[in-house]
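Understanding the architecture of this molecule
So you can see what is in the structure, the chains are spelled out below.
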Amino acid sequence: DILLEKFGIQVEETSHAGEIHAQIPGLVSQIFVKKGDKVKVNQKLFILEAMKMENEIDSPVSGTIDNIHYKAGDKVEKGNIVMEIKN
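Residues numbered from 1 in each chain as written. Predicted model: local features only at pLDDT ≥ 70, side-chain atom pairs only at ≥ 80, totals over all residues. Heavy atoms only, no water.

1. Things to note about the overall build of the protein chain
Helices and strands together make up the secondary structure of the protein chain, namely 1 helix and 8 strands. Tracing the protein chain from N to C terminus, the helices and strands come up as α-β-β-β-β-β-β-β-β. The buried share of the protein chain, reckoned over its 87 residues, is 25%. Here the analysis covers contacts within the protein chain between residues at least 6 apart in sequence; of these, 51% occur between residues at least 24 apart. Put simply, the protein chain shows about 6400 Å² of open surface, and 51% of that area lies on carbon and sulfur atoms. (Helix = DSSP H or I, 4+ residues; strand = E, 2+ residues; numbered from the N terminus. Buried < 20%, exposed > 50% of the residue type's maximum accessible area, 1.4 Å probe, protein only. Contact = heavy atoms within 4.5 Å. Areas by Shrake-Rupley, 256 points an atom, 1.4 Å probe, with all protein chains shown as cover.)

2. Let's talk about the pairing of strand β5 (residues 53–58)
Inspection of the sheet shows strand β4 (residues 44–50) paired to β5 by 6 bridges, in the antiparallel sense. Residue pairing for β5: F46 is matched across the bridge by I57. Counted along the chain from β4 to the antiparallel partner β5, the turn is 2 residues long, and its residue M51 has a positive phi close to 50°. (Pairing = 2+ DSSP bridges.)

3. Notes on unusual backbone geometry
Negative phi values dominate among residues other than glycine, just as trans dominates among peptide bonds. A positive phi is found at M51, a non-glycine position, where the angle reads about 50°. Relative to the assigned elements, M51 resides in the loop between β4 and β5. Judged by relative accessible area, M51 falls into the exposed class, the value being 77%. The phi angle at K52 is positive, at roughly 65°, despite the residue not being glycine. If you trace the backbone, K52 turns up in the loop between β4 and β5.

4. A closer look at the sheet that holds strand β2 (residues 26–31)
With respect to topology, 4 strands assemble into an open sheet ordered β5-β4-β2-β7, the strand pairing being antiparallel. If you trace the sheet from one side to the other, it starts and ends with β5 and β7 (75–76), each paired once.

So, in structure tokens, the structure goes:
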């Protein structure tokens, strides 16, 4: 690590594993968790409505809900971070 720093090489270890992104544009119709809740892999987090279909979004990781960026009734665009889970 010291040599890498000396030569000006920065190794950044950023993980996006706990970021829950909207895969499609739609409407957040229901949220089943709140900030501070502990969740497990495959636990239902929220429902994203798109083109008259309800898509249940499940947790890809276990951890604690760190932040929820939208509330029920909000529209989201593809790629937006809906919530964050920290380990």
